[in-house]
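Working through the structure, step by step
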Amino acid sequence: MSTHEHDQIRQQVRDAYGAVARAESTGCCAPSTGCCAPSDEDVTELLSRGIGYSAEETAAVPEGANLGLGCGNPQAIAALKPGETVLDLGSGAGFDAFLAAHQVGASGAVIGVDMTPDMVSKARANAARGGYANVDFRLGEIEHLPVADATVDAIISNCVINLSPDKRQVFHDAFRVLKPGGRLAISDIVATAPLPEELQREVALYTACVAGAANVDELTAMLAAAGFVDIRIAPKDASREFIRHWAPGRGVEDFIASASIEAVKPVN
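1. Details of the environment of alanine 174
- Along the polypeptide, alanine 174 turns up in helix H7 (residues 167–177).
- Expressed as a C-alpha distance, the spacing of alanine 174 and glutamate 143, which sit 31 residues apart in the sequence, is 8.2 Å.
- Setting aside residues up to four positions removed in sequence, alanine 174 forms contacts with Leu145, Ile155, Leu184 and Phe228.

2. Brief notes about empty space enclosed by the protein
- Under the counting rule described, the total for this entry stands at 3 cavities of 30 Å³ or more.
- For the largest cavity, the calculated volume is near 470 Å³.
- In this structure, the largest cavity is lined by 36 residues; those nearest its centre are Gly90, Ser91, Gly92, Asp114 and Val160.
- Contributions of two or more residues to the lining of the largest cavity are made by helix H1 (3–21), strand E1 (85–89) and helix H5 (95–104).
- Ranked by residues supplied to the lining of the largest cavity, first place goes to H1 with 3 residues.
- Grouping the amino acids of the lining of the largest cavity by side-chain chemistry returns 18 nonpolar, 12 polar and 6 charged.

3. What about the nonpolar core?
- Residues Ile189 and Trp246 are the most contacted members of the largest nonpolar core, which totals 56 residues.
- Counting residues per element, the ones that place at least two in this core are H1, H5, helix H6 (117–130), strand E3 (135–139), strand E4 (152–158), strand E5 (178–191), helix H9 (203–207) and helix H11 (240–243).
- Here this core gets 7 residues from one element, more than from any other, and that element is H5.
- In this structure, Ile155, Ile161, Val177 and Ala226 belong to the second largest nonpolar core, which totals 30 residues.

4. Quick notes on the sheet that holds strand E2 (residues 109–114)
- The mixed open sheet is built from 7 strands, whose spatial order is E3-E2-E1-E4-E5-E7-E6. Of all the strands in the sheet, just E3 and strand E6 (229–236) have a single pairing partner and so form its edges. Adjacent strand axes in the sheet meet at a mean angle of 15°, parallel and antiparallel pairs treated alike.
- Of the pairings in the sheet, the one linking E2 to E3 comprises 5 bridges and is parallel in character. Within E3, the position partnered with glycine 112 by the bridge is phenylalanine 137.
- Along the sheet, H7 makes contact with E1, E4 and E5, crossing E5 at roughly 155°.

5. What to know about helix H10 (residues 216–226)
- Residues Leu219, Met222, Leu223 and Ala226 constitute the buried set of H10. When H10 is viewed along its axis, its buried side chains cluster within an angular range of 95° and face the same direction.
- Close packing links the buried residues of H10 with H7, E5, E6 and strand E7 (256–264).
- The backbone nitrogen of aspartate 217 has a side-chain oxygen 3.1 Å away, supplied by the residue at the start of H10, namely asparagine 215.

6. Notes on the side chain of lysine 167
- Structurally, the position occupied by lysine 167 is in helix H7.
- Comment: no salt bridge for buried lysine 167; closest opposite-charge side chain is glutamate 218, at 7.9 Å.
- One polar contact links the side chain of lysine 167 to the main-chain carbonyl oxygen of asparagine 162, over a distance of 3.4 Å.
- Setting aside its immediate chain neighbours within four residues, lysine 167 contacts Ile161, Asn162, Tyr206, Gly212, Ala214 and Met222.

7. Digging into unusual backbone geometry
- One non-glycine residue, alanine 79, lies in the positive phi region at around 50°.
- Tracing the backbone shows alanine 79 in the loop between helix H4 (75–78) and E1.
- Residues other than glycine seldom take positive phi values, yet aspartate 230 does so here, at roughly 50°.
- In this fold, aspartate 230 is placed in strand E6.

8. Notes on the packing of aromatic side chains
- On inspection of all chains with the given rule, the structure shows 5 aromatic pairs.
- Centroid distance phenylalanine 98 to tyrosine 132: 4.4 Å. Interplanar angle 35°. Geometry classified as tilted. Placement of phenylalanine 98 in helix H5 and of tyrosine 132 in the loop between H6 and E3 is noted, with a sequence separation of 34 residues between them. Like tyrosine 132, phenylalanine 98 is buried.

9. Side note on the packing of H7 against H10
- For the pair H7 and H10, the least separation of the axes is 9 Å and the interaxial angle reads 40°. Judged on the interaxial angle alone, H10 and H7 are oblique. As H7 packs across H10, the resulting crossing turns out to be right-handed. In this structure, H7 contributes Lys167, Arg168, Phe171, His172 and Phe175 to the contact, and H10 contributes Leu219, Met222, Leu223, Ala225 and Ala226.
- For the contact of H7 with H10, the class distribution of residues is 7 nonpolar, 1 polar and 2 charged.

What counts and what doesn't
- The numbers attached to residues start from 1 for each chain and follow its sequence in the written order.
- In view of the model being predicted, local features appear only for residues whose pLDDT reaches at least 70, and side-chain atom pairs are presented and counted only at 80 or more, with totals across whole chains, interfaces and linings using the full set of residues.
- Only hydrogens and water are set aside; all other atoms, that is, all heavy atoms of the structure, feed into the side-chain values.
- Going along the chain from the N terminus, every DSSP run of H or I of four or more residues is numbered as a helix, and every run of E of two or more is numbered as a strand.
- Only heavy atoms matter for contacts: two residues are in contact if any of them lie within 4.5 Å across the pair.
- Points on a 1 Å grid, built from protein atoms alone, make a cavity when a 1.4 Å probe fits but cannot get out and make a pocket when they are open with protein on both sides within 12 Å along at least 5 of 7 lines; residues with an atom within 4 Å of a point are the lining residues.
- Grid points are joined across faces, edges and corners, and a volume is the space filled by probe spheres set on the points.
- The residue classification treats Ala, Val, Leu, Ile, Met, Phe, Trp, Tyr, Cys and Pro as nonpolar and Asp, Glu, Lys and Arg as charged. All others, Gly included, are polar.
- Put simply, buried Ala, Val, Leu, Ile, Met, Phe, Trp, Tyr and Cys residues joined by side-chain atoms within 4.5 Å make one nonpolar core.
- Residue burial is assigned from relative accessible area. The probe radius is 1.4 Å, only protein chains are included, and a residue is buried under 20% of its type maximum, exposed over 50%, and partly exposed in between.
- Any two strands between which DSSP finds at least two bridges are classified as paired.
- Axes here mean lines fitted to C-alpha atoms, for a helix over just the part in contact, with angles spanning 0 to 180 degrees between N-to-C directions.
- It is the directions from the helix axis to the C-beta atoms that the arc portrays.
- Polar contact is defined as a pair of N or O atoms within 3.5 Å, subject to the rule that within protein one atom must be able to donate a hydrogen and the other to accept it, and that residues adjacent in sequence are counted only when both atoms are side-chain atoms.
- Residues counted as positive are Lys and Arg, residues counted as negative are Asp and Glu, and His and the chain ends are not counted.
- When a carboxyl oxygen of Asp or Glu lies within 4 Å of a side-chain nitrogen of Lys or Arg, that pair is called a salt bridge.
- Stacked, tilted and edge-to-face are the three classes assigned to paired rings of Phe, Tyr and Trp, where Trp is represented by its six-membered ring and a pair needs centres within 6.5 Å; plane angles under 30 degrees give stacked, over 60 edge-to-face, the rest tilted.
- Roughly parallel means an angle under 35 degrees; roughly antiparallel, over 145; roughly perpendicular, 65 to 115; everything else is oblique.
- If you view the pair so one helix is near and one far, a crossing is left-handed when the near helix is turned anticlockwise from the far one by less than a right angle, and right-handed when it is turned clockwise.

What follows is the structure in structure tokens.
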């Protein structure tokens, strides 16, 4: 895929999620939308509970931070500790970043990176409203992170890397910014069977976290090529139940599943 084609895909994704941030669309990866979010707060709560968040977690963030855009709960596998620096790839309106901020405490720091200006603005407003002094939201692409080398203890992400047209570069740059011994803790969509060509070509299914998914072997090879070790990718068959609502009647749940993705940057 050419650089121009990569840029076209990024713009399509940026446009779709910008509409979500401006509340012009019901979102992206959710029932009957063509992108990944629900249409009201009750549905958002139900979806968040269904993908692994507790009621305490969804209640702990500022109103408007949880857009229901995820496909899992990276907090559950991140094992974040007080004082750590955490990076959230594709931070959206700040939901996972704010949860991480609670875990790392005042002595820690959270950086959220998103390529959609409207999302960054929304996240910053949510941070100000919630008094999150230890969270910094930055505009940027996850393939080219606005983060210094070897400064991050843990990277989290929720249903975002599948949207990147250059996943290999995402993992290389994630490796760059992690400290030695740092770790990835990601929830994302993986391909479990080849997606039919006609579905692969649909822009709406790309922005809906469907058409851009890579399979486990491909992701494992990309992570290893970037330098990661202790790679663990665990698809969750139960996720097909909520995925089928992303494109009702299309059978996309037969080809993709949510997965937890973990890996470590070697100390030496």
